[in-house]
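Here are the chains, one letter per residue:
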Amino acid sequence: MSEQAPPGPATAEKPDQAGGTARRSFGQLLRESVLEGNSVTVTFLAIFTAIVIGGLLNAFTNTAVLHAWSNLFSAPGAAIAKAWDTAIGAYVALFEGSIFNPHTVAALFHQASFTAAVHDGYLSAVFNPLSETCVQATPLLLAGLAVALPYQAGMFNIGAQSQFIGGAILATYLGYGVSLPPVIHVIVCVLGGFVGGAVLGWVVGELKARTGAHEVITTIMLNYIMYYLLSYLLGNVMQRPGRTDLISPFIASNAHLPRLFGSTLRINAGFLLALACAFGLWWLLYRTAPGFEFRAIGKNPSAARVAGMNVERSWVLVMLIAGGLAGLAGSAVIQGTDFSVNFQSSGTYGFDAITVALLGLGRPLGVVLASLLFGAFHAGAPLMQAQTSTPVDIVGVLEALIVLFVAAPPLVRAIYRLRAARAAGVAGLSGGGLA
């Protein structure tokens with residue numbers, strides 16, 4: 001009896017009715033992954049559903065659309081066309097402000113020469129939307145990783161805001177208070193940002209390991225503590241000379257993160273640092289023994305303890321790394337775009353990081369994609385408001401809708417009448433892609 005060849009990378013086995021196995025092609029796996037609603041399918045459908053609902057909300061909160069729909073029975077075509085133009089127009093402007101604007105490309109090709117186009121700024125105008133998307137995505141990516149790593153270890157870090165502030169404070173002080181050579185100054189400030197956030201993360205991990213204090217409570221309290229500490233420092237220690245408002249001095253120019261494509265585009269080395277951190281976190285989680293311990297503890301800390309893993313030490317290490325990542329987000333903002341710290345510097349990055357990590361399913365690649373998506377929303381919102389008078393708040397509504405549907409897979413499956421993923425091969429097709 002001849003031996004059956006093992007299934008190749010493009011095939012998988014499933015039990016047949018006679019108890020044997022039948023091989024399935026990659027195309028069959030892909031088709032079943034779509035029809036049966038695995039995590040990748042649900043995520044894409046959640047984003048699509050949120051965009052549709054967001055467009056409807058945008059259209060039917062517009063006074064011009066409401067006026068047109070008041071005459072629905074006399075002019076139904078005009079009412080529907082007005083709603084469509086309003087919804088699509090907002091998304092077109094959002095796309096042009098974050099990814100690609102055909103008007104700037106047309107202007108580029110109308111120039112006499114490529115040299116003139118570069119000199120007059122037409123070339124940079126073409127890439128400016130992508131540059132702004134990357135700039136907005138950088139702190140979201142770093143802070144999102146700071147939430148995703150504890151998530152893998154069974155912890156919920158909602159203190160990325162305080163860790164962001166800790167990193168921003170230390171990076172700012174090292175930027176203006178210490179005189180160092182150019183390259184060294186940048187590196188020291190970046191390391192200072194990591195340390196500033198890592199210390200706060202370490203405190204949370206130690207409290208959990210030694211006293212059992214829940215990380216949600218301690219991180220919430222640290223958010224308040226760092227907020228008021230920043231207020232005190234800006235008013236007494238780090239206040240810019242000659243100013244009465246709460247703002248720090250500018251950091252030295254040799255502490256700025258270098259821009260990647262000249263002075264006209266704001267994308268800087270912070271984006272590459274964020275991508276490197278995402279890759280490093282993936283390698284840590286899926287290619288090292290400590291990463292395996294983190295994931296095992298996240299699944300079942302009691303079983304991990306029985307298996308000989310030091311759960312308490314892992315909690316401390318996870319929170320230390322997570323705090324350092326959030327601190328790097330603070331240094332990326334200070335050294336890359338703001339160059340000083342104030343109350344607006346931290347924004348809502350720490351809380352947006354939670355939505356980014358949830359949308360990314362707690363996995364490094366997923367967090368990268370989610371941060372780029374939200375970065376595109378933030379980059380395109382000003383142009384959307386300027387061209388279509390759509391409130392910037394609609395972007396926040398869109399983000400909330402996306403997270404709402406991603407967090408409720410049964411709802412998405414019910415809307416699109418998908419079956420729950422049942423085959424191991426189908427689940428594996430989605431899991432590997434976001435790892």
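Here goes a summary of the coordinates provided. (Residues numbered from 1 in each chain as written. Predicted model: local features only at pLDDT ≥ 70, side-chain atom pairs only at ≥ 80, totals over all residues. Heavy atoms only, no water.)

## Looking at empty space enclosed by the protein
Taking a probe equal in size to a water molecule and rolling it over the atoms shows the remaining empty space.
So, point 1. Taken as a whole, this structure holds two cavities of 30 Å³ or more when the rule is applied.
So, point 2. The calculated volume of the largest cavity comes to roughly 80 Å³.
So, point 3. As for the largest cavity, its lining consists of Gly54, Gly55, Asn58, Ala87, Ala90, Tyr91, Leu94, Met384, Ile394, Val395 and Leu398.
So, point 4. Among the secondary structure elements, those contributing two or more residues to the lining of the largest cavity are helix 2 (39-59), helix 4 (76-98) and helix 17 (393-406).
So, point 5. Looking at the lining of the largest cavity residue by residue, the classes come out as eight nonpolar, three polar and no charged. (1 Å grid on protein atoms, 1.4 Å probe; cavity = no way out; pocket = protein on both sides within 12 Å on 5 of 7 lines; lining within 4 Å. Points joined across faces, edges and corners; volume = space filled by probe spheres on them. Helix = DSSP H or I, 4+ residues; strand = E, 2+ residues; numbered from the N terminus. Nonpolar A, V, L, I, M, F, W, Y, C, P; charged D, E, K, R; others polar.)

## Considerations on the nonpolar core
So, point 1. Within the largest apolar cluster, 90 residues are counted, with the highest numbers of intra-cluster contacts made by Leu145, Phe374 and Ile402.
So, point 2. The element best represented in this core is helix 14 (residues 311-338), accounting for 13 residues.
So, point 3. Beyond its immediate sequence surroundings of up to four residues, Leu145 is in contact with Pro150, Ala274, Cys277, Ala278, Leu281, Leu325, Pro364 and Val367.
So, point 4. Counting five residues, the second-largest nonpolar core is a separate cluster that includes Cys134, Leu265, Ile267 and Phe271. (Core = buried A, V, L, I, M, F, W, Y, C linked by side-chain atoms within 4.5 Å. Buried < 20%, exposed > 50% of the residue type's maximum accessible area, 1.4 Å probe, protein only. Contact = heavy atoms within 4.5 Å.)

## Notes on the environment of Gly201
So, point 1. Among the structural elements, Gly201 can be located in helix 9 (residues 182-211).
So, point 2. With relative accessibility at 0%, the residue Gly201 sits in the buried group.
So, point 3. For the pair Gly201 and Leu320, spaced 119 residues apart in sequence, the C-alpha to C-alpha distance is 4.6 Å.
So, point 4. Non-local contacts of Gly201, meaning those with residues more than four positions away in its chain, are made with Gln163, Met319, Leu320 and Gly323.

## Some remarks on the packing of aromatic side chains
So, point 1. In total, this model carries seven aromatic pairs according to the counting rule given.
So, point 2. Both rings, one in Phe60 and one in Trp69, keep their centres 5.1 Å apart while their planes meet at 70°; by these two values the pair is edge-to-face.
So, point 3. Given a relative accessible area of 34%, Phe60 falls into the partly exposed group.
So, point 4. The exposure class assigned to Trp69 is partly exposed, which follows from its relative accessible area of 30%.
So, point 5. Here the aromatic rings of Tyr173 and Tyr176 are separated by 5.9 Å at their centres, their planes lie at 80°, and the arrangement is edge-to-face. Note that Tyr173 and Tyr176 are positioned in helix 8 (residues 160-177) at a spacing of three residues, about one turn of the helix.
So, point 6. Connected via pairs of aromatic rings, a cluster forms that spans Tyr227, Tyr228 and Phe343.
So, point 7. Across from the ring centre of Trp315, 4.6 Å away, lies the NZ or CZ of Lys208, which sits over that ring.
So, point 8. The ring of Phe250 carries Arg240 above its face, with NZ or CZ at 3.9 Å from the centroid. (Phe/Tyr/Trp six-rings, centres within 6.5 Å; stacked < 30°, edge-to-face > 60°. Lys NZ or Arg CZ within 6 Å of the ring centre and 35° of its normal.)

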